[in-house]
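In case you want the letters, here they are:
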Amino acid sequence: MHSRALIEGAFERRAGLTPADLAELAPHVEAGLAALDRGELRAANPVDGVWVANTFVKKLILLSFPLGRNELADSGPGRPRTFDKVPLKFEDWQEDDFEKARIRVVAGAVVRRGAHVAPGAVLMPSFVNIGAYVGAGTMVDTWATVGSCAQVGERCHISGGAGIGGVLEPIGDSPVVIEDDVFIGARSEIAEGVRVRRGAVIGMGVYLGASTPIVDRASGEVLRGEVPENAVVVAGARTDPSRPELSTYAAVIVKYADERTRGKTALNDLVRD
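Remember, predicted model here, so these are calculated numbers, not experimental data.

A. Examining the overall build of the protein chain more closely. When helices and strands are counted, the protein chain shows 5 helices and 26 strands. Taken against the 2.2 N^0.38 rule, which gives 19 Å for 273 residues, the C-alpha radius of gyration of the protein chain at 20 Å falls within 12% of a compact globule. Taken over the C-alpha atoms alone, the protein chain extends approximately 60 × 45 × 35 Å along its principal axes. Out of the 273 residues in the protein chain, the part that is buried amounts to 46%. Roughly 13,600 Å² of accessible area belongs to the protein chain as shown, and the carbon and sulfur atoms make up 53% of that amount.

B. Examining the nonpolar core more closely. Core analysis: the largest hydrophobic core is formed by 38 residues, its most contacted members being I178, I190, V196, I202, L208 and V227. Broken down by secondary-structure element, the contributors of at least two residues to this core are β25 (231–240) and β26 (243–256). The residues contacting L208, other than those within four sequence positions of it, are E189, I190, A191, V194, I202, I214, V227 and A251. L33, L36, A43 and V57 belong to the second largest nonpolar core, which has 23 residues in total.

C. Structural view of the sheet that holds strand β11 (residues 139–140). The strand order across the open sheet built from 10 strands is β5-β8-β11-β14-β17-β20-β25-β26-β22-β23, with neighbouring strands paired in mixed fashion. Of all the strands in the sheet, the pair left with one neighbour each is β5 (104–105) and β23 (222–223).

D. Quick look at the environment of N129. Its place among the elements puts N129 in the loop between β9 (127–128) and β10 (133–134). With a relative accessible area of 15%, N129 lands in the buried category. Remark: the alpha-carbon pair of N129 and L88, spanning 41 residues in sequence, is separated by 9.7 Å. If we skip the residues at most four places from it in the chain, N129 touches R112, A115, V146, G147 and S148.

E. Inspection of the pattern of salt bridges at higher detail. Overall, the coordinates contain 14 salt bridges when judged by the stated rule. Between D84 and R112 there is a salt bridge; the shortest N-O distance is 2.9 Å. Residue D84 is found in strand β4 (residues 83–84), and its partner R112 is found in the loop between β6 (110–111) and β7 (116–117); the two are separated by 28 residues along the sequence. Under the relative-accessibility criterion, R112 is labelled buried at 15%.

F. Here's a closer look at the packing of aromatic side chains. This structure, assessed with the given rule, holds 4 aromatic pairs. Taken together, a centroid distance of 4.8 Å and an interplanar angle of 75 degrees make the contact between F90 and W93 edge-to-face. Taken together, the ring pairs in this structure connect F90, W93 and F98 into an aromatic cluster. Cation over ring: R14 sits above F11, and NZ or CZ is 3.9 Å from the ring centre. Here R42 stacks its cationic end above the ring of Y133, 3.6 Å away from the centre of that ring.

G. How the structure looks around helix α1 (residues 3–12). Buried within α1 are the following residues: L6, I7, A10 and F11. One side of α1 carries all its buried residues, which in axial view fall inside an arc of 130 degrees. Lining the buried residues of α1 we find α2 (19–38) and α3 (55–67).

H. Region of interest: the sheet that holds β7. Taken together, the 6 strands give an open sheet; going across it, the order is β7-β10-β13-β16-β19-β24, and neighbouring strands pair in parallel fashion. With partners counted over all chains shown, the strands left at the sheet margins are β7 and β24 (226–227), one partner each. As paired elements, strand β13 (residues 151–152) and strand β16 (residues 177–178) share 2 bridges and run parallel to each other. Considered in β16, the bridge of Q151 is made with V177.

Parameters at a glance
- Residues numbered from 1 in each chain as written.
- Predicted model: local features only at pLDDT ≥ 70, side-chain atom pairs only at ≥ 80, totals over all residues.
- Heavy atoms only, no water.
- Helix = DSSP H or I, 4+ residues; strand = E, 2+ residues; numbered from the N terminus.
- Rg over C-alpha atoms; globule rule 2.2 N^0.38 Å.
- Buried < 20%, exposed > 50% of the residue type's maximum accessible area, 1.4 Å probe, protein only.
- Areas by Shrake-Rupley, 256 points an atom, 1.4 Å probe, with all protein chains shown as cover.
- Core = buried A, V, L, I, M, F, W, Y, C linked by side-chain atoms within 4.5 Å.
- Contact = heavy atoms within 4.5 Å.
- Pairing = 2+ DSSP bridges.
- Salt bridge = Lys/Arg side-chain N within 4 Å of Asp/Glu carboxyl O.
- Phe/Tyr/Trp six-rings, centres within 6.5 Å; stacked < 30°, edge-to-face > 60°.
- Lys NZ or Arg CZ within 6 Å of the ring centre and 35° of its normal.
- Arc of directions from axis to C-beta.

As structure tokens, this is what we get:
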């Protein structure tokens, strides 16, 4: 049976899988996780400008959990022991592996196997979960998190303490997508499948979920679930029409990015040397 069909079928009857079923499944799941790790398989893909979730990836990851058992990882300088079912991406890497991958990994960066980190990426002490994709030239800054299946594009900056939400269940829910050349400000949170389109700048402390109103200050238009290309977004509030004495949280598009704005958010290329 083809690996995909086997995994899809096993997921539908996952509550009743026998040890023999799991043994048959194991090499197929392992191959799928390796493809995720290499970036050949992704949790979402752009199709004619629309991001489409690949539900197969979530099924693959969820089926990997009953196949594994918690194991004690070896400790070493700068690395405490861990006890987990999912091995770390760099657990067996040597110097030449990092050189071939062309990534920089600072002490304290934790990446689970099954996450892809593209060439030129810089990982400060941060966490990248299984199924996530970190694009070429992107920096994941100190204490930032990239959740399971989240998709981050090229040349992005995920600033200190920012959270890019993950999703495994429900199966049909789309992951967060951060497109190319996006700046996410410190302590911001992007979750619930929100799309941040190419070139957008998200200010410090902005919280975006599926229902968060994103108000264009110039036009008054209210968007939800998607930040337009090049939009500069800050945290704000708006009056409740039915209760004028109250205001509720909103994200506000204050302008659209120009070269001057980009200059302020650009990363120094020296950090990648």
